[in-house]
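Close look at the chain arrangement
Listed below, chain by chain, are the residues.
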Amino acid sequence: MNFVKQLALPLAALMMTVSACAQTSEKDAIQAAAQQTEKMGTTGTVHLTKEEFLSKVFNYEKNSEWKYEGDLPAIVDFYATWCGPCKAIAPVLEELAAEYEGKIHIYKIDTDQEQELAAAFGIRSIPTLLFIPMDGQPQMSMGAMPKAQLKEAIEKVLLQKQ
């Protein structure tokens, strides 16, 4: 009986610890996912500020007509760290950045951090993807797209393969 009493207190403490650890709030889960997405962004996709966007993509302050500044076709992902669909496509964009390395750029714009840039492009819904071929006008797509559909857009719009 004494043995049971000795085990009861540590067992109760262990159960309370496990129970408390399991009760991670939704906010904590969202923050953890956002941090993971930010870490992933360092491998293939490139996070841009307004200044970087102006030099690498389009200087809308200097040019009234579209003039792509880049050396490869690109996708610009307008996203927010709190956006569920944005988090869903983030790993897909990372995979595509690795798969198409040297053929396209995949840029990311945090619309909460770069509100002026988002406003300049009329971003009202996220995620919004801007597909930028080397020649011609960019095309915009709103909402998360499956990987197969993204690959098709890369092949047809950016790399212009039929």
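Residues numbered from 1 in each chain as written. Predicted model: local features only at pLDDT ≥ 70, side-chain atom pairs only at ≥ 80, totals over all residues. Heavy atoms only, no water.

1. Observations regarding the overall build of the chain
Selection rule: The helix and strand labels rest on DSSP assignments: H or I over at least four residues marks a helix, E over at least two residues marks a strand, and numbering proceeds from the N terminus. With a 1.4 Å probe rolled over the protein chains alone, any residue whose accessible area is under 20% of its type maximum counts as buried; one over 50% counts as exposed, and the rest are partly exposed. Contacts are assigned to residue pairs that have any heavy atoms within 4.5 Å of one another. Under the convention used here, a 1.4 Å probe and the Shrake-Rupley method define accessible areas, while residue burial counts only the protein chains that appear.
Looking only at helices and strands, one finds 6 helices and 5 strands in the chain. Start at the N end of the chain and walk to the C end: the helices and strands fall as α-α-β-α-β-α-β-α-β-β-α. In the chain, which comprises 162 residues, the share counted as buried stands at 38%. Sequence-distant contacts, at least 24 apart, represent 69% of the contacts inside the chain between residues at least 6 apart. Approximately 9800 Å² of the chain is accessible, and the part contributed by carbon and sulfur atoms is 55%.

2. Side note on the pattern of salt bridges
Going by this rule: Think of a salt bridge as a Lys or Arg side-chain nitrogen and an Asp or Glu carboxyl oxygen that are within 4 Å of each other.
Using the criterion set out here, one finds 8 salt bridges in the structure. A single network of salt bridges, built from pairs that share partners, joins Glu95, Glu99, Lys147 and Lys151.

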